[in-house]
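Chain by chain, the residues run as shown.
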Amino acid sequence: MFGTRKTWDLGHAPCLQELWKKDISLDASSVDFLMSDGEDDGSFLSLPTAAFSQRPSLTAELTETNAPSQQLLIQTLQDKVCEFQARLRSEEVTRHLLLQQLQQQSVQEKTCGGGGGVQTLQEEQLSALPNGERVQPGEQPSNRLNCPEEEQLVTRLRTQVEELEEKLLDQTQEVERLRSELGATDLEKQLELLVVENERLKQELKSCRSSELQKLEAAAETCSCSHCPYSQDAESLRREVSRWESQARQRERRLAELERELLEKTSRVESLHRQLDDSTRQLDDGRRQLEEARRRQGETEQKLGLRLQECEDELARQATAPPRVKYVTHTVEVESADSQKALAEMQTKNTTLQEQLSVQRQLLRELETQLHESQRTCAQLRTQILVYEGEMERAQGQLEAEMQNLEEEKNRVIEEAFIRAESEMKAVHENLAGVRMNLLSLQPALRTLTCDYNCLKRQVQDFPFMLDKAITEAKQEICQVISEVSSTNQELLRKYKREMNLRKKCHNELVRLKGNIRVFCRVRPVSQEEQDAAADAKTMLSFDSDDDAILYLSNKGKIMTFELDKVFAPQATQEEVFQEVQSLVTSCIDGFNVCIFAYGQTGSGKTYTMEGVVDDPGINQRALRLLFSEVTEKAPDWDYKITVSMVEIYNETLRDLLGENPTDKLDIKMNPDGSGQLYVPGLTEFTVQSPEDINRVFELGHMNRATACTNLNEHSSRSHALLIITVSGFNTATGNRTQGKLNLVDLAGSERIGKSGAEGSRLREAQCINKSLSALGDVINALRSKHSHVPFRNSRLTYLLQDSLSGDSKTLMMVQVSPLPSNMSESVCSLKFAQRVRSVELSSSSRRHENSSTSSSPTHDSVELDSPPVTPVPLPISRASSAGSTLSSASRTPSSSRRRSQSQLSTDRQVDRASPLVGDGGQDD
Ligand SMILES: Nc1ncnc2c1ncn2[C@@H]1O[C@H](COP(=O)(O)OP(=O)(O)OP(=O)(O)O)[C@@H](O)[C@H]1O
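Source: prediction; values computed, not measured.

## Looking at the overall build of the protein chain
Okay, so step 1: When its secondary structure is counted, the protein chain shows 22 helices and 15 strands.
Okay, so step 2: Looking at the protein chain as a whole, 46% of its 925 residues qualify as buried.
Okay, so step 3: Considering only contacts within the protein chain whose residues lie at least 6 apart along the sequence, 81% involve residues at least 24 apart.
Okay, so step 4: Total accessible area on the protein chain stands at roughly 47200 Å², and carbon and sulfur atoms take up 53% of it.

## Regarding the sheet that holds strand β2 (residues 541–543)
Note: strands within a sheet are paired through backbone hydrogen bonds, in either parallel or antiparallel orientation.
Okay, so step 1: One open sheet holds the three strands; their spatial order is β2-β3-β4, and the pairing between them is antiparallel. Of all the strands in the sheet, just β2 and β4 (558–563) have a single pairing partner and so form its edges. When strand polarity is set aside, the average angle formed by the axes of neighbouring strands in this sheet is 25 degrees.
Okay, so step 2: Here strand β3 (residues 550–555) pairs with β4 via six bridges, running antiparallel. Its bridge partner being in β4, L553 is matched across the sheet by M560.
Okay, so step 3: Here helix α19 (residues 824–838) sits on the sheet in contact with β2, β3 and β4, set at roughly 35 degrees to β4.

## Side note on the side chain of R622
Okay, so step 1: Inspection of the secondary structure assignment puts R622 in helix α12 (residues 619–633).
Okay, so step 2: Leaving out residues up to four positions away in the same chain, R622 has contacts with Q574, E575, F578, D616 and P617.

## A short note on helix α10 (residues 574–589)
The periodicity of an α-helix, 3.6 residues per turn, causes residues three or four positions apart to be oriented the same way.
Okay, so step 1: In a regular helix each residue adds 1.5 Å, so 16 residues correspond to 22 Å; α10 covers 22 Å between its end C-alpha atoms and thus fits that length.
Okay, so step 2: At V581, α10 is bent by approximately 45 degrees, the largest bend along its length.
Okay, so step 3: Counting buried residues in α10 gives 13 out of 16 residues, a clear majority hidden from the surface.
Okay, so step 4: A positive backbone phi angle near 110 degrees is found at G591, which sits one or two residues after α10.

## Some details on the packing of aromatic side chains
Okay, so step 1: Enumeration according to the criterion identifies three aromatic pairs in this entry.
Okay, so step 2: Arranged with centres 4.8 Å apart and planes meeting at 40 degrees, the rings of Y599 and F833 form a pair that is tilted. Remark: F833 occurs in helix α19 and Y599 occurs in strand β6 (residues 594–600); sequence separation between them is 234 residues.
Okay, so step 3: Each ring, one from W638 and one from Y640, has its centre 5.4 Å from the other, and the planes form 20 degrees; the classification is stacked.
Okay, so step 4: The exposure class of Y640 is buried, given its relative accessible area of 12%.
Okay, so step 5: One residue, R243, lies across the ring of W244, its end atom 5.4 Å from the ring centre.
Okay, so step 6: Here the guanidinium or amino end of K810 rests over the ring plane of F592, the centre of that ring lying 4.0 Å away.

## Some remarks on the nonpolar core
Okay, so step 1: Judged by nonpolar contacts, the single largest core of 49 residues is most densely connected at L722, L800 and M813.
Okay, so step 2: It is helix α16 (residues 761–784) that contributes the most residues to this core, seven residues altogether.
Okay, so step 3: Apart from residues no more than four positions distant in its own chain, L800 is found in contact with V647, I649, L654, I668, V680, L722 and I724.

## Looking at the pattern of salt bridges
Okay, so step 1: A full pass over the atoms with the stated rule returns 23 salt bridges.
Okay, so step 2: R307 serves as the salt-bridge partner of E310, at 3.9 Å between the closest nitrogen and oxygen. On the criterion of helical spacing, the pair formed by E310 and R307 is a turn pair, its members being three residues apart in helix α7 (residues 229–320).
Okay, so step 3: Judged by relative accessible area, which is 15%, R307 ranks as buried.
Okay, so step 4: Three or more residues are tied together by salt bridges with common partners; here these are E292, R295, R296 and E299.

## Regarding α12
Okay, so step 1: Compared with the 21 Å implied by 1.5 Å per residue over 15 residues, the 21 Å span of α12 between its first and last C-alpha is a close match.
Okay, so step 2: By the criterion of burial, α12 is predominantly enclosed, with 11 of the 15 residues buried.
Okay, so step 3: All buried positions along α12 are accounted for by I619, N620, Q621, R622, A623, L624, L626, L627, F628, E630 and V631.

## A closer look at the pairing of strand β8 (residues 653–656)
Okay, so step 1: Burial along β8 is two-sided: T653 and R655 and L654 and D656, pointing in opposite directions, are all buried.
Okay, so step 2: Bridging between strand β7 (residues 638–650) and β8 involves four bridges; their strand directions are antiparallel. Note that in β8 the partner of I649 across the bridge is L654.
Okay, so step 3: In this structure, the hairpin formed by β7 and β8 is closed by a connection of two residues, where N651 is found at a positive phi of approximately 50 degrees.
Okay, so step 4: Note: β8 against strand β9 (residues 665–666), two bridges, orientation antiparallel. Bridge pairing in β9 places R655 opposite K665.

## Let's talk about the packing of α10 against α12
Angle between the axes and distance between the axes: these two values describe a pair of packed helices.
Okay, so step 1: Relative orientation of the contacting elements α10 and α12 amounts to 50 degrees, with a least axis distance of 9 Å. Here α10 lies oblique to α12, going by the angle between them. Here the hand of the crossing between α10 and α12 comes out right-handed. Residues Q574, E575, V577, F578, V581, Q582, V585, T586 and I589 of α10 form the contact with α12, whose own contacting residues are I619, R622, A623, L626, L627 and E630.

## Points about the confidence of the model for the protein chain
Okay, so step 1: For the protein chain, per-residue confidence averages 72 on the pLDDT scale, and 65% of positions sit at 70 or higher.
Okay, so step 2: Predicted confidence in the protein chain is weakest over helix α21 (residues 902–914), with a mean pLDDT of 31, and strongest over helix α11 (residues 606–610), with 93.
Okay, so step 3: Taken together, the stretch residues 842–925 has pLDDT below 50 and engages in 149 contacts with residues farther than four places along the chain or on a different chain.

## Quick notes on unusual backbone geometry
Okay, so step 1: Residues other than glycine seldom take positive phi values, yet N651 does so here, at roughly 50 degrees.
Okay, so step 2: Relative to the elements of secondary structure, N651 occurs in the loop between β7 and β8.
Okay, so step 3: Assessed through its relative accessible area of 18%, N651 is described here as buried.
Okay, so step 4: The phi torsion at E652 lies on the positive side, around 60 degrees, for a residue other than glycine.
Okay, so step 5: Its place among the elements puts E652 in the loop between β7 and β8.
Okay, so step 6: Of the residues examined, E652 reaches a relative accessible area of 16% and is grouped as buried.

## Observations regarding the pairing of β7
Okay, so step 1: With respect to burial, β7 is a largely interior element, 11 of its 13 residues being buried.
Okay, so step 2: By the bridge criterion, 12 bridges tie β7 to strand β13 (residues 720–731) in an arrangement that is antiparallel. What sits directly across from K641, in β13, is S728.

Criteria and thresholds
Residues numbered from 1 in each chain as written. Predicted model: local features only at pLDDT ≥ 70, side-chain atom pairs only at ≥ 80, totals over all residues. Heavy atoms only, no water. Helix = DSSP H or I, 4+ residues; strand = E, 2+ residues; numbered from the N terminus. Buried < 20%, exposed > 50% of the residue type's maximum accessible area, 1.4 Å probe, protein only. Contact = heavy atoms within 4.5 Å. Areas by Shrake-Rupley, 256 points an atom, 1.4 Å probe, with all protein chains shown as cover. Pairing = 2+ DSSP bridges. Axes fitted to C-alpha atoms, helices over the stretch in contact; angles between N-to-C directions. Expected span 1.5 Å × (residues − 1). Bend = angle between axes of the 7 residues up to and from the residue. Phe/Tyr/Trp six-rings, centres within 6.5 Å; stacked < 30°, edge-to-face > 60°. Lys NZ or Arg CZ within 6 Å of the ring centre and 35° of its normal. Core = buried A, V, L, I, M, F, W, Y, C linked by side-chain atoms within 4.5 Å. Salt bridge = Lys/Arg side-chain N within 4 Å of Asp/Glu carboxyl O. Parallel < 35°, antiparallel > 145°, perpendicular 65-115°, else oblique. Left-handed = near helix turned anticlockwise from the far one by under 90°. pLDDT = per-residue confidence, 0-100.

Set out below in structure tokens:
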């Protein structure tokens with residue numbers, strides 16, 4: 001027995017004891033920890049971590065509406081879980097206490113020597129285990145009974161936790177859905193209300209606008225005057241309506257913006273509501289799962305209570321049963337190893353369970369953390385929802401305020417428009433009444449007007465026939481008048497042509513009677529320098545106060561009388577000189593060739609007479625201006641062309657002063673067309689159309705003359721300068737053509753060589769001058785003598801002037817005389833030559849007419865000389881020449897001198913032949 005008892009010694013199970021103690025202490029601390037956790041936190045949430053990780057926004061979607069119930073539900077779940085864990089832990093504690101009691105009983109039986117009794121007791125206790133189970137050797141009875149249930153409980157707990165998580169998710173979704181429905185409904189209602197209100201406002205605005213416009217149009221129709229006050233009111237109303245329209249458009253735009261904002265927020269709230277629905281649905285599911293877990297927990301508790309009750313009963317039964325030491329000892333000896341093995345297994349299982357519990361605790365903490373985050377997110381969402389709702393309320397408030405303002409303004413505008421419309425209506429009614437009165441008063445006048453209108457209508461209907469008749473009569477009258485006018489015009493034209501021809505004939509005859517060669521004399525004044533320089537500056541010339549054709553010259557004590565066509569005293573002006581010349585110039589327009597040349601010694605005033613000075617131009621410029629004025633006067637019937645050439649004859653060399661190269665020598669040739677006319681090949685001709693053109697031509701001529709000569713004054717004294725003006729005319733009415741040539745010649749000085757003492761080149765110049773002047777005298781003598789041969793070709797000068805010296809050409813020689821005594825012999829020579837030239841009569845041949853119609857014109861013989869002359873210019877009476885007579889001024893009268901006979905001229909011709917032109921100079925030559 002004792003040996004048996006030795007084998008029962010607890011020394012074989014020290015580690016079991018320690019293990020149990022250790023387990024108990026661990027379990028107690030764990031229980032305390034768990035209890036403290038459960039009590040302190042109370043937020044055990046059985047949502048799995050994966051569920052939150054998969055739905056991170058789920059917690060954030062919890063809304064304020066279901067938050068209290070959800071928290072309550074979570075709190076309830078946490079309480080249940082904690083209660084269940086506490087029960088689990090208390091069951092474990094109870095089981096450990098039972099084991100400790102069993103161990104204590106065994107120790108007591110050992111110490112009391114009743115090993116067999118202990119073994120018997122244990123056997124009885126083990127046999128008395130519920131369900132007839134026998135305690136196996138080495139196995140702790142209660143432990144063997146509870147382990148599967150714990151595993152099942154843990155499994156069930158996990159399942160329940162998962163189910164709770166799912167339920168919580170469903171519940172949350174349901175809550176969200178409910179909240180979404182509620183919120184969406186509100187928002188939709190608000191939106192619908194806003195849209196309806198907007199449409200209503202638009203309709204009201206449109207109707208108000210249309211009514212205002214109709215009123216305005218009606219007012220405008222009733223009064224269409226621009227200055228009427230109704231039109232002005234209507235205009236102001238239109239402006240106001242347009243202003244309101246612009247404001248309405250602005251508010252519509254603002255409303256559209258608010259609608260857009262509202263739509264955005266509505267969509268956002270809808271999404272939040274959808275999320276809240278999901279959370280509510282999950283919460284419902286979690287609730288259901290929690291109820292299911294609670295139910296299962298109740299069942300488990302019930303089972304555990306029954307099992308505990310059975311254990312207690314068994315322990316009580318074993319305590320009351322007598323000890324069976326031998327048997328127990330044997331049993332203990334036999335079963336101690338098994339018990340130790342069972343204990344080790346139980347310890348292992350306990351360890352596993354503890355690990356599982358720690359995992360569950362960790363999971364619980366994570367879930368609690370997630371719950372906190374979800375609560376925080378929920379609070380943020382709640383705040384955001386509140387902000388959105390505030391904004392919506394504010395926008396709605398603004399919208400309402402704007403609507404209110406619009407309504408008020410609309411009412412005010414309508415009221416004002418109504419008032420205005422009423423006043424306008426009143427005025428329109430008044431006008432209407434006035435118009436009615438006027439209408440009544442105008443009705444008689446209207447009847448009269450209607451009668452008049454009918455009469456006029458009949459007249460208008462008859463008008464085309466009357467008009468046709470009148471037009472026909474008028475046409476006949478017009479045709480008759482036209483034919484009469486045409487015949488009259490023809491007659492007038494015929495008379496005009498006849499008169500024109502007659503005028504030309506008369507003019508020609510008058511000039512012919514005056515003499516084709518006319519000689520004027522001009523005495524230049526004594527300059528101030530000459531008076532200051534010479535004591536004998538006293539003039540030797542005197543004039544006849546009664547006859548302007550007589551010049552007296554006192555020479556060597558004798559008085560010489562010279563009778564010319566005209567004598568110009570020193571005080572004669574350029575204009576007075578030109579007055580005597582202009583009849584020749586105008587005959588150039590009629591188709592005559594005219595030659596005007598200034599003759600005289602150097603310094604006698606030739607250039608002054610021909611060219612003049614800038615302020616007082618001479619014959620050249622005045623002649624051209626006169627031609628322009630005459631041509632302009634005849635412009636309606638005549639088309640004239642005036643061309644100008646300028647040449648210089650120096651040392652028998654002809655140069656073109658208007659050419660590009662004035663130093664080139666020109667030649668004079670017969671025109672190859674067989675007309676017998678001379679022409680200068682290469683001579684430049686400028687067509688002048690205005691006085692400005694004339695000035696340019698003269699400037700160019702002077703410039704070229706100055707360019708060609710080193711000393712202009714010296715050179716100009718020894719060269720002949722010719723200005724050749726050609727006037728070509730075409731009568732557009734008659735078709736007649738005329739061409740006249742005007743030669744304006746500034747001859748070289750005619751002084752004698754012996755007096756000047758020239759040598760070398762000067763001698764050559766003087767010889768050339770004398771040659772040309774002698775040739776001119778020979779030509780004039782031949783013409784005067786009516787020789788068959790006239791020596792035109794003896795000099796360039798006479799050759800160039802051939803057509804202006806022959807035929808019916810007109811020649812004017814202006815003899816320039818110096819009044820100084822020192823020049824007296826030269827003056828005598830010049831005057832003698834002038835008197836001889838004056839006796840020459842050019843043959844009167846027909847003028848050159850290029851038109852064949854000239855042949856049908858009246859001939860010179862057919863001209864009726866008793867007809868009054870057409871030319872208005874008074875011309876000097878032609879005078880007979882009386883050359884070289886030395887008469888005293890007292891013994892002769894101007895009238896007697898004018899009637900000198902031609903026979904006397906023949907006597908003078910005999911005298912002149914010895915010294916043809918240059919007087920003494922001719923003898924010197
Ligand atoms: N009628 C006049 N009134 C005033 N001054 C005159 C008049 N005639 C000539 N003179 C002056 O006499 C001077 C000489 O005149 P001008 O040069 O015309 O003589 P000329 O005969 O042309 O000399 P040349 O043969 O050298 O060219 C000039 O200064 C000119 O101004």
